[in-house]
Each structure stands twice: as C-alpha cells, then as structure tokens.
Amino acid sequence: MSDALNIEGLIWLDEIVEKLGRKHHVEVYEVEELFEGRPKFRFVERVNRENEDVYAAFGQTSGGRYLIAFFIWKANQRRALPVSARDVTPSERKRYVRK
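The structure displayed is predicted, hence computed values, not measured ones. (Residues numbered from 1 in each chain as written. Predicted model: local features only at pLDDT ≥ 70, side-chain atom pairs only at ≥ 80, totals over all residues. Heavy atoms only, no water.)

1. Description of the pattern of salt bridges
Evaluated as defined, the whole model comprises seven salt bridges. The shortest N-O distance in the salt bridge between Lys74 and Glu52 comes to 2.7 Å. Here Lys74, found in strand S4 (residues 66–74), pairs with Glu52, found in strand S3 (residues 52–60); they are 22 residues apart in sequence, far enough to count as distant. The closest approach of N and O atoms between Asp87 and Arg65, which form a salt bridge, is 2.6 Å. Placement of Asp87 in strand S5 (residues 79–87) and of Arg65 in the loop between S3 and S4 is noted, with a sequence separation of 22 residues between them. For Asp87, a relative accessible area of 37% corresponds to the partly exposed category. Counted as one network, the salt bridges with shared partners bring together Glu30, Arg65 and Asp87. (Salt bridge = Lys/Arg side-chain N within 4 Å of Asp/Glu carboxyl O. Helix = DSSP H or I, 4+ residues; strand = E, 2+ residues; numbered from the N terminus. Buried < 20%, exposed > 50% of the residue type's maximum accessible area, 1.4 Å probe, protein only.)

2. Overview of the environment of Tyr55
Relative to the helices and strands, Tyr55 resides in strand S3. Spatially, the C-alpha atoms of Tyr55 and Phe71 are 5.5 Å apart, while their sequence positions differ by 16 residues. Setting aside chain neighbours within four positions, we find Tyr55 in contact with Leu5, Arg42, Phe43, Val44, Ala69, Phe70, Phe71 and Trp73. (Contact = heavy atoms within 4.5 Å.)

3. Some thoughts on the sheet that holds S4
Across the sheet, which stays open at both edges, the five strands sit in the order S1-S5-S4-S3-S2 with mixed pairing between neighbours. Single-partner strands in this sheet number two, and they are strand S1 (9–10) and strand S2 (40–46). In this sheet, S3 lies alongside S2 in antiparallel orientation, the contact comprising six bridges. Paired with Phe41 across the bridge in S3 is Ala57. In the packing of helix H2 (residues 28–36) onto the sheet, the strands contacted are S1, S2, S3, S4 and S5, and the crossing angle to S4 comes to about 80°. (Pairing = 2+ DSSP bridges. Axes fitted to C-alpha atoms, helices over the stretch in contact; angles between N-to-C directions.)

Structure (structure tokens):
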C-alpha cells in the first residue's frame, strides 16, 4: 500500500452516488472524508484507457468508520472517479491498521 497519489479532486457520477447509498449505505461525504484524510492506496488493475487505472483507497471517516473506495485515477487531471465504496472487512482493517 502507498500514500503517494496526489488527488486534487473527485468526480461524481449520479448513478454511482445512488448505488453507494442504496447498495453499500455509504454517503458521498464519507468518501470525501476518506480522501481528505490519510488514505492508503493500492493499485488494483489497468484499464483500457491511457492515464487511467483502478485503485483502492483504505481509510477512516471523521466518524471513525473504516471504508474502502475503488476509483479510477485520472492521472492527467489529478482527479479520482469513485466507482464503489463499502465498509472494510475485518481482515482488510487489520491490514490497514498494521501499515
């Protein structure tokens, strides 16, 4: 895991915002708090577009909730497009807290 990405902003799509709330019970402000904190980043996979890869961000909200957010890193814009977010599993939390 790394904390090396310098994300300058988030890009929100309406269908993702709706899915986060409906399926994962995660609010936009919680994902924003995760990114504003000190998240740990992990590369997930390359996508078919240049300067775009999928990453995961592990972090904690100001309310103490541990979340993982999956996002497309738009390197040329220095912005992240969240595609999903959920509570971390117990094993993920152990790994996050240990590092």
